[in-house]
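Secondary and tertiary structure notes
Now for the letters of each chain:
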Amino acid sequence: MSQTLLFLRTNQKILLQVALSLFFVGVGIYFFRHERAEVHKVAATLSEASGFWVITGLLLVAVFVAIQGLMYVYSFRAIGRQIGLATASALYLKRNLVSIFLPAGMLTNMFFFNEELERKEGLESAQIYFASSIFSIGSILSAIIVGLPALLWLFLNSQLSGNVAAGIFLVVATLGLLALGVRNLANKGWLYLFLERKAPAFAEVIGQLENHAFRARDFWVVAALSCVVEVIGIVHLFISMKALGSEAPLKAAIIGYAIVLLLLMSSPFLRGVGAIEVTLTYALTLFGFSTVAAISVAMLFRFFEFWSLLLLGTAVLIAQRGALLLRIFPALLLFALGLVNILSAITPAEPERLHLLKEYLPLAAIHASTYFVLFSGVLMLGVGAYLLRGLRSAWLMAVALSGLSLITHLSKGIDYEEAAIALVVLGSLLYQRKQYFIRTDLRLARRSLFPGLVTVGGVLLFGTVGFFFMDEKHFTADFTLWQSFRQALGSFFLMNFSLTPATPFGKEFLYGMNFLGGATLAYLVFLLLRPLVRHPPTAEESRLKAQALVEKYGHSSLDYFKTYSDKTFWFSEDEEGFVAFKTSRSYAIALETPVCRNEAAMAEMIPAFERWCRQNGLRPAWYRISQPAIPIFEKLGKKLLPIGESAVVNLDTFSLQGKDKKALRNVMNRLEKEGYSFHTYDPPQRDGFLQQLRAVSDDWLRETKRSELAFSQGFFEEEVLKNQPIFTIENQEGKIAGFVNIIPDYVPGEANFDLMRKTEDAPNGVMDFLFVNMFLTLKEQGFHRCDLGMVPMSGIDAPENVQERAIKLAYERMRQFSHYKSLRFFKEKFEPEWTAMHLAYSAPFDLVYLPGALEEVMGGKV
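Attention here is on the structure that accompanies the text. (Residues numbered from 1 in each chain as written. Predicted model: local features only at pLDDT ≥ 70, side-chain atom pairs only at ≥ 80, totals over all residues. Heavy atoms only, no water.)

Notes on the sheet that holds strand 10 (residues 785–792)
Whenever strands of a sheet pair, they do so through backbone hydrogen bonds, lying parallel or antiparallel. One open sheet holds the 11 strands; their spatial order is 1-2-3-4-11-5-10-9-8-7-6, and the pairing between them is mixed. For this open sheet the edge positions go to strand 1 (568–571) and strand 6 (677–681), each flanked by a neighbour on one side alone. Taking each pair of neighbouring strands and ignoring which way they run, the sheet shows an average axis angle of 30 degrees. Where strand 2 (residues 578–584) and strand 3 (residues 587–591) come together, 4 bridges link them in antiparallel fashion. Within strand 3, the position partnered with S584 by the bridge is Y587. Its contacts with the sheet put helix 26 (residues 599–615) on strand 1, strand 2, strand 3 and strand 4 (619–625), and the angle it makes with strand 4 is roughly 140 degrees. (Pairing = 2+ DSSP bridges. Helix = DSSP H or I, 4+ residues; strand = E, 2+ residues; numbered from the N terminus. Axes fitted to C-alpha atoms, helices over the stretch in contact; angles between N-to-C directions. Contact = heavy atoms within 4.5 Å.)

What follows is the structure in structure tokens.
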């Protein structure tokens, strides 16, 4: 249950967006079911639409796409780069398609389809993100420019309620404050200084605007083109009215489209499906449209502005086949089938087909099929998002829902058209089944299933008690206890088709049970679709085998930690190499490179391990890859992100001579005069001595407010330290003020240490004193170098992309990472050689989940 609460807390914003959008879908379903009689007439009305106006609307769709492409062209021109109109238009269609499934899709779609631009157009990631941001800002600005005046005009010419007027006033006031804020930021006033301290990413963005060859004129061209896009939207709505024979004034199209813009901005997921259709229909009825005519206009308008673009985007994706298509296309089809199911369930069946079906099936079975089609359609909208993540359980559920939809479309009204779509979706899922291998965490599901079942029981108990004590007038029936339970069960599963409320209270109670049932079932589906978190056990035999291979083939300062107690091992087929890793969420994070005989064996083991990960429902990532191994990972197509720099001191050249070492000499002299001395302790260590070290370690953890970390470093274990050399600094009474433990290093001639800890009351410079003496002692023992370990996030002097700039910015300006700067400053005193370390991963979307996975694997010991 705690993991469920953690998920809800860390994803509450996205879940709220998704919930809001699914609520809009529910509103649409309710409306169209309520207007069933009118919906039955919509198809006939649409079939009579003027061909001239429909063709005009379709031609305008082509202009619409071209202008969106021009917006991208001028967005790149604004930063001094060029792309072709065809490439830009295709980019818009593909990003528009994926934005349907993404929370805040108008902004987050900029992370998709960038590799093609990098490869074909020679653009850098930072340039693509910057230009895409200009595109998004232009789109939002035009929505404000067009939508706000329309709403103000409506306010001045109509009788709006006080709440709506207050809302418009708040929007105007917010925009005014926003304009003042932008001016303050541009002039680097108090707001800029405040945000620089609290949210330093703003300073980076403004710096980019200042440093790039930013052309303001091209930006305003983007905004102007986006306004033309909004005008096309108004014209599309006007054409939809004309196509259906209406003589409505142009102001109806302007006001209707302004409402559509507001809904698009408030529904960042699923692009306003349901809400726009319902709200636009209601708005048009205020201008004198009948319900049938209003629904027909809304449907035709949405075809021009939504469905035609979705179809074009799908066609472009199919034409440009790629790995991303294999992940996206089945999800798109499932999403489409979900909408088809919903529309099919809320529209009446063909009378002739229904009459024929009643000769073979009872009416109850037909009703049950209809309700299943409706409920499965809602489920498909959510399952499609999990399909994008590659979850095997989502694929299984999608297959089951598609297969059952195929059957129930036939059993609810012989709807062979919808059944054919379900068959296509089912075939697509089966054909691309290998893309879905991330497993579900059944242990977590089992732990969380109990509260889920308690929720189900609570809702059913509420419904049973409610029906049992319900006054007879609300349903014109006095239910027994058993009948009450049956009615609660039927309303829970949305199958109460034989129950007719007689009062508004009865209707509200019934709808409340329907809502609670749907929400509870959706929660149970969520429990079944969470990705697997693997914690495979490691036998002592495997650890001993890994330690033997480290002794045989070890070549890195990190090899010691690869056999630590928190690791799991994967061995090569010939058992002459292994990968040390930990699992978190759906990732297997390997520590550095495999331990094996040579680079050729390493190049074979890396893809073999990744195949094993795939077979076990895990995504691989490689942590702390050094420069010599980078060509191997690049050749295998991996992506690399710098994550810090590792320091190594040259003991042969280290000394305290020279002006730059004066501060160190002063520290050494001061502490020696105060009676502090350096001591070495060879193993095995005494229990009493280890207890003193434990007190120092606990004091350090308490002072720094840290917990023990793991993975690429060790933690305090008396059984481990007992067999290692220990270097300490002690006062005249023999009290330990600080210590380090020396660990094996498999780089020839190199020494390494793990823990470096001191007491809270230790004098300033105590660790300088300890390290200088450690270097001199190691040099006397015949070592030539000493590894000081990695300083995370440091060393990125010339960032090449957005990710690197974000790391550099966080390292330099964010308070929670300031201890990394202090660590860098401490190590710089000894003039080490710095080497960049990298994270190797497979796909861009891995960076969304890997930070959390890394935090988990390092955050505790096993």
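What follows picks up the thread again.
Regarding the pattern of salt bridges
All chains considered together, the criterion is met by 24 salt bridges. Close ionic contact of K545 with E575 constitutes a salt bridge, the shortest N to O distance being 3.4 Å. Of this pair, K545 sits in helix 25 (residues 540–553) while E575 sits in the loop between strand 1 and strand 2; the two residues are 30 residues apart in sequence, bridging distant segments of the chain. Here E750 makes a salt bridge to R785, at a shortest N to O gap of 3.8 Å. Taken together, the residues span a long stretch of sequence, with E750 in strand 9 (residues 750–758) and R785 in strand 10 at a distance of 35 residues. Judged by relative accessible area, which is 28%, R785 ranks as partly exposed. Three or more residues are tied together by salt bridges with common partners; here these are R353, K412, D415 and E417. (Salt bridge = Lys/Arg side-chain N within 4 Å of Asp/Glu carboxyl O. Buried < 20%, exposed > 50% of the residue type's maximum accessible area, 1.4 Å probe, protein only.)

Some words on the side chain of H838
In this structure, H838 sits in strand 11 (residues 833–841). Beyond its immediate stretch of four places on either side in the chain, H838 contacts W622, Y623, R624, I625, Q627, I630, L640, L641, P642 and I643.

What about unusual backbone geometry?
Residue P684 is bonded to the preceding P683 through a cis peptide linkage, with omega at 0 degrees. Tracing the sequence through the fold places P684 in the loop between strand 6 and helix 29 (687–704). We note that E592 has phi near 55 degrees; this positive angle belongs to a residue other than glycine. For E592, the location among the structural elements is in the loop between strand 3 and helix 26. You can call E592 buried: its relative accessible area is 7%. In this model, E831 sits at a positive phi of 50 degrees, which is unusual for a non-glycine residue. Mapped onto the fold, E831 is located in the loop between helix 33 (818–828) and strand 11.

Describing helix 29
In an α-helix, one turn spans 3.6 residues; hence positions three or four apart end up facing the same way. The terminal C-alpha atoms of helix 29 lie 26 Å apart, and with 18 residues this matches the ideal 26 Å at 1.5 Å per residue to within 8%. Residues of helix 29 that are buried include every one of F689, L690, L693, V696, S697, D699, W700 and L701, and no others. Backbone geometry just downstream of helix 29 places K705 in the positive-phi region, at approximately 55 degrees. (Expected span 1.5 Å × (residues − 1).)

What about the nonpolar core?
Across soluble globular proteins, nonpolar side chains have a tendency to be buried as a group. Of all hydrophobic cores here, the largest spans 50 residues; its most connected members are F64, Y72, F76, I83, Y92 and L309. If you list the elements that add at least two residues to this core, you get helix 4 (51–77), helix 5 (85–99), helix 8 (125–157), helix 12 (216–243), helix 15 (291–319), helix 16 (323–346) and helix 18 (363–388). For this core, the element with the highest residue contribution is helix 4, accounting for 9 residues. Setting aside residues no more than four positions away along its own chain, L309 makes contact with V61, F64, V65, Y92, L93, N96 and F304. Core analysis: the next-biggest nonpolar cluster, separate from the first, contains 35 residues, Y560, F571, A621 and F715 among them. (Core = buried A, V, L, I, M, F, W, Y, C linked by side-chain atoms within 4.5 Å.)

Quick notes on a nonpolar patch on the surface
A surface patch of nonpolar side chains, about 530 Å² in accessible area, is lined by L461, V465, F468, F469 and L481. Within the secondary structure layout, F469 lies in helix 21 (residues 442–469). (Patch = residues over 30% accessible without salt bridge, like charges linked within 9 Å, V, L, I, M, F, W, Y side chains within 5 Å. Areas by Shrake-Rupley, 256 points an atom, 1.4 Å probe, with all protein chains shown as cover.)

As for the packing of aromatic side chains
Within the structure shown, the criterion is met by 35 aromatic pairs. An angle of 75 degrees between the planes, with centres 5.3 Å apart, marks the rings of F52 and W53 as edge-to-face. Between the aromatic rings of F219 and W220, the centroid separation amounts to 5.2 Å while the plane-to-plane angle is 70 degrees, which identifies the pairing as edge-to-face. For W220, a relative accessible area of 52% translates into the label exposed. The rings of W570, F581, F609, W612, W622 and F633 are connected pair by pair, giving a single aromatic cluster. Its end group placed over the ring of Y74, R77 keeps NZ or CZ at 4.7 Å from the ring centre. (Phe/Tyr/Trp six-rings, centres within 6.5 Å; stacked < 30°, edge-to-face > 60°. Lys NZ or Arg CZ within 6 Å of the ring centre and 35° of its normal.)

As for the environment of G506
Take G506: it is sitting in helix 24 (residues 504–528). Ignoring any residue separated from it by four or fewer positions in sequence, one finds G506 in contact with H474, F475 and P501.

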